[in-house]
There are 2 protein chains.
Amino acid sequence: QIVAALMAGPSPDRPAPLQGRCALITAGPTREPLDPVRFIGNRSSGRMGYALAAALAARGAEVTLVSGPSALAPPALAGLVRVETASQMAAAVMERVAGCDLFVATAAVADYRPAAPASDKIKKDAAELTIRLVRNPDILAQVAASPARPFTVGFAAETERLEEHAAAKLRAKGLDMIAANRVGGEAGGFDADDNALVVLWPGGRRAFALMPKTRLAEQLADLIVERYLASLAG
Amino acid sequence: QIVAALMAGPSPDRPAPLQGRCALITAGPTREPLDPVRFIGNRSSGRMGYALAAALAARGAEVTLVSGPSALAPPALAGLVRVETASQMAAAVMERVAGCDLFVATAAVADYRPAAPASDKIKKDAAELTIRLVRNPDILAQVAASPARPFTVGFAAETERLEEHAAAKLRAKGLDMIAANRVGGEAGGFDADDNALVVLWPGGRRAFALMPKTRLAEQLADLIVERYLASLAG
């Protein structure tokens, strides 16, 4: 553990690899209001994103974390922006992404939001109710398509055909890297302490076995640094 | 503060008023799954219910708390049952309510749930999506209609016409007492530290000004004790 800590963190002998670099990270769920009290949410705890933000900061990056509602105490970072909805998260990211070196999208952003949230609490008179949902902005695709875009890392949470879906997302959005994890099962994923990941990039792949999210974040941060530096060299 | 603590808590000189009585309390939100990762939730933190459970326990009751997902540490109680959906909460309550002296429903139970939750994560191919919702069981009405029912206290969270809606709920469900609070506004209510209440019972009314939920819970517990003992005498 002491050896791992010495290897991971910056030291006087070995400068931090992301010194002088800026990283923007999204984390946590979003909430899409149905009315003033009800919302559509998801099971993301923010653990993976918060741990990764801390790991990238420990590697020298100036990290800004854009976080949806999370019960976690945020790590000490250059910046913290709290948002609730996907639209707010998109606005917070697009305001800050220009000039950033790295963008890591760990947030579980709601793909859909209620088309017309009610301004008063919905009464329960009807036996049935139908809610119409419309698509939310695709933050990751917007960043990946922006001019002079940062090194862009996405996450894919899938319940089935994990690697196939992640590879399709990597290609379709033109990402530099994608980390895929299985959700909805027994082990790891959303709202759990442990996680396992398969990371894909154009021409490469690395698998990380189930382990605590804090340790996984350290290993993933090292891989992000490695691929990011390779992209500068390439 | 010392005087208030002496008045509120049990003491060797004055036996706890709910000694030997059993109380069942629901608290927190419920989550109704849309798929393995998404759900319909609400902004209830569980604070009011957890504080009220502690306050009734301090007055001598043997308290069982049935709690939806909450980030709070539960108080030390005779029993704690964690549930997620309204149906699970209804089952947990109906299993335990027989023989109980008090039932206090502080939980923000989802009135509706998705008619057909997806077993795999919903893909975001469509520009729009429609979700059909069906009514959940009405736990409070079920308890109030049960044979040899406990002294039954409901909560009403309303965004408009607070007292009118609460009085209608008191009558319609045949409750012994209802505590109404405004939600969705600036001050108090869901996911806040403070709250204000208007409490109604057949033939009576008491208003509690905005104050910390822990203090409000103490005062509400005293009123519950007062009305409960009056119901035994009557």
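Residues numbered from 1 in each chain as written. Chains lettered and ligands numbered in written order. Predicted model: local features only at pLDDT ≥ 70, side-chain atom pairs only at ≥ 80, totals over all residues. Heavy atoms only, no water.

**Student:** Account for the relation of the copies chain A and chain B, with residues named and values stated.
**Tutor:** The two copies are related by a screw motion: chain A maps onto chain B through a turn of 180° and a shift of 0.0 Å along the axis, at an RMSD of 0.0 Å. One copy is carried onto the other by what is essentially a two-fold rotation axis. Minimal C-alpha separation from the rotation axis in chain A is found for A:Ile40, amounting to 2.2 Å. A shared binding surface is used by both copies, with 98% of the interface residues of chain A retained as interface residues in chain B. (Least-squares fit on C-alpha atoms with pLDDT ≥ 70 in both. Contact = heavy atoms within 4.5 Å.)

**Student:** Residues and numbers for the interface of chain A and chain B, please.
**Tutor:** Each side of the interface is counted separately: chain A has 41 residues, and chain B has 40 residues. Across the interface of chain A and chain B, roughly 3900 Å² is buried in total on both sides, 47% from carbon and sulfur atoms. For chain A, the biggest contributors to the area lost against chain B are A:Arg43, A:Tyr112 and A:Lys124; these three give 18% of the whole. The interface formed by chain A and chain B contains six salt bridges. (Buried area = accessible area lost by both parts, 1.4 Å probe. Salt bridge = Lys/Arg side-chain N within 4 Å of Asp/Glu carboxyl O.)

**Student:** If you had to explain the sheet that holds strand β6 (residues 102-105) of chain A to someone new, which residues and values would you point to?
**Tutor:** Residue and element names in this part refer to chain A. With mixed pairing, the eight strands of this open sheet are ordered in space as β5-β4-β1-β6-β9-β10-β11-β12. The sheet terminates laterally at β5 (79-82) and β12 (204-212), the two strands that pair on one side only. Going across the sheet, the axis of each strand differs from the next one's by a mean of 15°, ignoring polarity. With four bridges connecting them, β6 and strand β9 (residues 151-158) associate as parallel partners. Counted as the bridge partner of Phe103 is Thr152 from β9. Sheet strands touched by helix α2 (residues 47-58): β1 (22-27), β4 (62-67), β5, β6, β9 and β11 (194-201). Its angle to β4, the strand with the most contacts, is close to 170°. (Pairing = 2+ DSSP bridges. Helix = DSSP H or I, 4+ residues; strand = E, 2+ residues; numbered from the N terminus. Axes fitted to C-alpha atoms, helices over the stretch in contact; angles between N-to-C directions.)

**Student:** If you had to explain the sheet that holds strand β7 (residues 112-114) of chain B to someone new, which residues and values would you point to?
**Tutor:** Within a sheet, neighbouring strands are paired by backbone hydrogen bonds and run either parallel or antiparallel to one another. One open sheet accounts for four strands, arranged β7(A)-β8(A)-β8(B)-β7(B); its pairing is antiparallel. The open sheet is flanked by β7 (112-114) of chain A together with β7 of chain B, the only strands paired with a single partner. Mean inter-strand twist for the sheet, computed between neighbouring axes without regard to direction, equals 40°. Bridge analysis of strand β8 (residues 128-135) of chain A against strand β8 (residues 128-135) of chain B gives seven bridges, and the strand direction is antiparallel.

**Student:** With reference to specific residues and values, describe the packing of α2(A) against helix α6 (residues 213-233) of chain A.
**Tutor:** All names here are of chain A. Contact geometry for α2 and α6: axes closest at 8 Å, N-to-C directions at 50°. With respect to α6, the element α2 is oriented oblique. In terms of crossing hand, the pair formed by α2 and α6 is right-handed. The segment α2 lies against α6, with Arg47, Met48, Ala51, Leu52, Ala55 and Leu56 engaging Lys213, Thr214, Leu216, Ala217, Glu218, Leu220, Ala221 and Ile224. (Parallel < 35°, antiparallel > 145°, perpendicular 65-115°, else oblique. Left-handed = near helix turned anticlockwise from the far one by under 90°.)

**Student:** Lay out α6(A) with the relevant residues and their values.
**Tutor:** Its 21 residues give α6(A) an end-to-end C-alpha distance of 30 Å, which sits within 8% of 30 Å, the value for a rise of 1.5 Å per residue. If you follow the buried residues of α6(A), they end up packed against α2, β6, β9, β10 (177-182), β11 and β12 of chain A. (Expected span 1.5 Å × (residues − 1).)

**Student:** Break down the environment of A:Asp222 for me, citing the residues and quoting the values.
**Tutor:** Residue and element names in this part refer to chain A. The topology assignment puts Asp222 in helix α6. Note on Asp222: relative accessible area 41%, which makes it partly exposed. Sequence separation between Asp222 and Arg59 is 163 residues; the distance between their C-alpha atoms is 8.6 Å. (Buried < 20%, exposed > 50% of the residue type's maximum accessible area, 1.4 Å probe, protein only.)

**Student:** Tell me about the pairing of β4(A), and please be specific about residues and values.
**Tutor:** Residue and element names in this part refer to chain A. Buried residues dominate β4, accounting for five of its six residues. Sheet topology places β1 next to β4; six bridges connect them, and they run parallel. Residue pairing across strands places Cys22 opposite Glu62, the latter belonging to β4. As paired elements, β4 and β5 share four bridges and run parallel to each other. Within β5, the residue paired with Ser67 across the bridge is Arg82.

**Student:** Account for the pairing of strand β10 (residues 177-182) of chain B, with residues named and values stated.
**Tutor:** Residues and elements named next belong to chain B. Burial analysis of β10 places five of its six residues in the buried class, the great majority of the element. Where strand β9 (residues 151-158) lies against β10, six bridges are found, and the strand directions are parallel. By the bridge assignment for β10, Glu158 is matched with Arg182. The parallel pair β9 and β10, bridged by helix α5 (residues 162-173), forms a crossover whose chirality is right-handed. Bridging between β10 and strand β11 (residues 194-201) involves three bridges; their strand directions are antiparallel. (Right-handed = clockwise from strand over helix to strand, strands pointing away.)

**Student:** Please give an account of the side chain of A:Ser67 that cites residues and values.
**Tutor:** Here A:Ser67 shows up in strand β4. Relative accessible area serves as the criterion here: at 0%, A:Ser67 is assigned to the buried category.

**Student:** Go over the packing of aromatic side chains with me, naming the residues and quoting the values.
**Tutor:** Residue and element names in this part refer to chain A. Tallied over the full model, the rule gives two aromatic pairs over all chains. Ring geometry for Phe151 against Tyr228: centres 5.8 Å apart, planes inclined by 70°, an arrangement best described as edge-to-face. Here Tyr228 lies in helix α6 and Phe151 lies in strand β9, a separation of 77 residues in the sequence. By relative accessible area, Phe151 is classed as buried at 7%. Since its relative accessible area comes to 3%, Tyr228 is described here as buried. The ring of Tyr112 has Arg135 lying over it, and the distance from NZ or CZ to the ring centre is 5.9 Å. (Phe/Tyr/Trp six-rings, centres within 6.5 Å; stacked < 30°, edge-to-face > 60°. Lys NZ or Arg CZ within 6 Å of the ring centre and 35° of its normal.)

Limitation: the analysis is restricted to geometry and does not speak to function.
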